[in-house]
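Chain and residue survey
Listed here are the chains, written in short residue letters.
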Amino acid sequence: MEPKPRLLTILDAVTAALFAIAVGLVFFYAPTEAVMGQVQRVFYFHVAAGWVGMLSFLAAAFAGIVYLRTGRRHWDIVGVAAVEIGIAFIFINIVTGSIWARPIWNTWWTWDPRLTTATIMELIYAAYLMLRQGIEDPDRRGRFGAVYAIVGFISVPLTFMSARLFRTIHPIVIGSNQPGAEGQFDMTPRMLQTFMFSLLTFTFVFVDLLWHRVRLGKLADHVEQLKLKLAA
Amino acid sequence: MDGAPVVSHAKTPGLLEGMRLYLRSIAALVWKDLAAELRSRELLSAMLVFALLVILIFNFALELDTRTRATVTAGVLWVTFAFAGTLGLNRSMAMEKDRGCLDGLLLAPVDRSAIYFGKAIGNLIFMILVEVIVLPIYSVLYNINLFQGGLLLVILLGSLGYVAVGTLLSAMAVQTRTRDILLPILLFPVAIPVLIAAVKSSTGFLQGLEMAEISPWLNLLLVYDVVFIAVAFMVFDYVVEE
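Residues numbered from 1 in each chain as written. Chains lettered and ligands numbered in written order. Predicted model: local features only at pLDDT ≥ 70, side-chain atom pairs only at ≥ 80, totals over all residues. Heavy atoms only, no water.

**Comments concerning the overall build of chain A**
Convention followed: The helix count covers DSSP runs of H or I at least four residues long, the strand count covers runs of E at least two residues long, and both are numbered beginning at the N terminus. Buried means the residue's accessible area, taken with a 1.4 Å probe over protein chains only, is under 20% of the maximum for its type, while exposed means over 50%, and partly exposed covers the values in between. Only the protein chains shown count as cover for residues, with accessible areas throughout obtained via the Shrake-Rupley method and a probe of 1.4 Å. The sign given to each residue is positive for Lys and Arg and negative for Asp and Glu; His and the chain ends receive no count. Where a charge lies is defined by one atom per residue type, namely NZ (Lys), CZ (Arg), CG (Asp) and CD (Glu).
Per the secondary structure count, chain A includes 6 helices and 0 strands. Ordered by position from N to C terminus, the α and β elements of chain A give α-α-α-α-α-α. Taken along the three principal axes of its C-alpha coordinates, chain A extends 70 × 40 × 25 Å. Relative to its full complement of 232 residues, chain A shows a buried share of 49%. Here chain A has roughly 11,700 Å² of accessible surface; of this, 69% comes from carbon and sulfur atoms. Considering chain A, the positive charge centre built from 20 side chains and the negative charge centre built from 15 side chains are found 3 Å apart.

In structure tokens form, the structure reads like this:
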């Protein structure tokens, strides 16, 4: 069994440090938003978590394509790892969004395109995990998982578009807002810096977690092989 | 001038012949499904009775009086078609898996994608047959005219997209341990764009909205159909590989 790589240990430390700084920035550096007040601070990690979620599902679809082309176990493990991380972070995204929406939109939940898309995305990847659970043969599990990760990821933008044709009230902080969006605000330079730093931090968190999860997947494979050897 | 036609004439038969063989194998696959159905009449009757039961349940659940009917008809129809469609998709693939038919098909000297198109067209035919019977019944029961060109087009496009991705996913679902319950779980979240677009454009036609309001939904339906047929065509090989 290979020991934990040095680079991974360094990455752990860097990520932890970045995260601590990001929390500090969010609470002490970024100014309090004039209209929404303290609850606006949830925005920095809310968007960052959503970003990691999308990145994960993109990574899963990419890993799926590579797995189908090469058939290497490694890419199957990357695919599952990415999906698991994505589910966790989109969940964080939804929960933080609800916390913000309660005072701003005066409701925990509304069937807005972004909210709808996030929910359906969670369901797609929950189905992905269920599909994998139902298959014993690792080769077939990898192939089916890869196919579903690709199909699911393609349907996400279409879901977003279909939901977007209904009117949206979700604010678009970057880019132009639709009329009728509620809870929008202009970022001051300090806010923008905090926001960008959160995105960077969460990207580090993603890479770090993915690496750990892929290692875990490989170790699990190894254990499986050892068990088979013992049984034989 | 004389040389050119001869050259192209010499080249095209190979391509044309290949194309014709491909189409013929698809037709044979579709015919196989239709013939089996014609003799057993298991699938179609089950789908049909199921569809009518769903409409009956909606009648009580939604209190389909004249006012609500105008707004919810499209939704009721599409939920019915989606449920009945799932039933058909599951059965049509389970049939192949049960008696080892799928292995036989895979051994046949045809392109794997021909199997996909054969199954998909078969499924589409069953779904359309159910719709063809359900629509007039619904029209009579609820005194609403569903036979409008636009609506029929939407139903065709929507069913096409639903079946395109459904055939791919049902081929995966039947090969798992939890086959019967897995298909709807896999299919519904992925098929949501097609269902939303279909419901919205159907409502648009039923309420006689302007074409400008309906066309974004129709475009979405078309994009969905094209994208998912293309993707399924590309990945089907990996789903049936042994």
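Don't stop here, the text continues.
**A short note on the nonpolar core**
This is how the line gets drawn: Buried residues of nine kinds, namely Ala, Val, Leu, Ile, Met, Phe, Trp, Tyr and Cys, make up a nonpolar core once their side-chain atoms join them within 4.5 Å. Any two residues whose heavy atoms approach within 4.5 Å are treated as being in contact.
Counting residues in hydrophobic clusters, the biggest one holds 137 residues, and the most contacted among them are Tyr 125 and Tyr 148 of chain A together with Leu 168 of chain B. Residues in contact with Leu 168 of chain B, not counting those within four places in the same chain, are Val 147 and Val 151 of chain A together with Tyr 116, Ala 232, Val 235, Phe 236 and Val 239 of chain B.

**So, the interface of chain A and chain B**
Defined as follows: Computed with a 1.4 Å rolling probe, the buried area is the accessible surface lost when two parts are put together, summed over both parts. Salt-bridge detection follows one rule: a side-chain nitrogen of Lys or Arg within 4 Å of a carboxyl oxygen of Asp or Glu. The term polar contact refers here to a pair of N or O atoms within 3.5 Å; inside protein, the definition further demands a hydrogen-donor-capable atom paired with an acceptor-capable atom, and it admits residues adjacent in sequence only when both atoms are side-chain atoms.
On the side of chain B, 30 residues touch chain A, which itself brings 26 residues to the contact. Carbon and sulfur atoms make up 77% of the area that chain A and chain B hide from each other, which totals about 2,700 Å². Scanning the region where chain A abuts chain B turns up 2 salt bridges. Glu 136 of chain A is the salt-bridge partner of Arg 177 of chain B, the closest N and O atoms lying 2.7 Å from each other. Counting the contacts that link chain A with chain B gives 7 residue pairs in polar contact (both at pLDDT 80 or more). Among the secondary structure elements, those contributing two or more residues to the side of chain A that touches chain B are α4 (113-133) and α5 (138-164) of chain A. Per-element accounting of the side of chain A that touches chain B gives the leading share, 13 residues, to α5 of chain A.

**Here we look at the packing of aromatic side chains**
Aromatic ring pairs: the centre-centre distance and the angle between the two ring planes describe each pair. Residues and elements named next belong to chain A. Where we set the bar: Two rings belonging to Phe, Tyr or Trp (six-membered ring only in the last case) form a pair when the distance between their centres is within 6.5 Å. Interplanar angles under 30 degrees mark stacking, angles over 60 mark edge-to-face geometry, and anything in between is tilted. When the NZ atom of lysine or the CZ atom of arginine is within 6 Å of a ring's centre and also within 35 degrees of its normal, the charge is said to sit over that ring.
Counting across every chain of the model gives 18 aromatic pairs over all chains. With 5.4 Å between their ring centres and 75° between their planes, Trp 100 and Trp 105 make a pair best called edge-to-face. A single burial state applies to Trp 100 and to Trp 105, both of which are buried. An aromatic cluster is built from Phe 19, Phe 45, Phe 89 and Phe 202, whose rings are joined through pairwise contacts. The lysine or arginine in question, Arg 190, covers the ring of Tyr 29, its NZ or CZ lying 4.5 Å from the ring centre.

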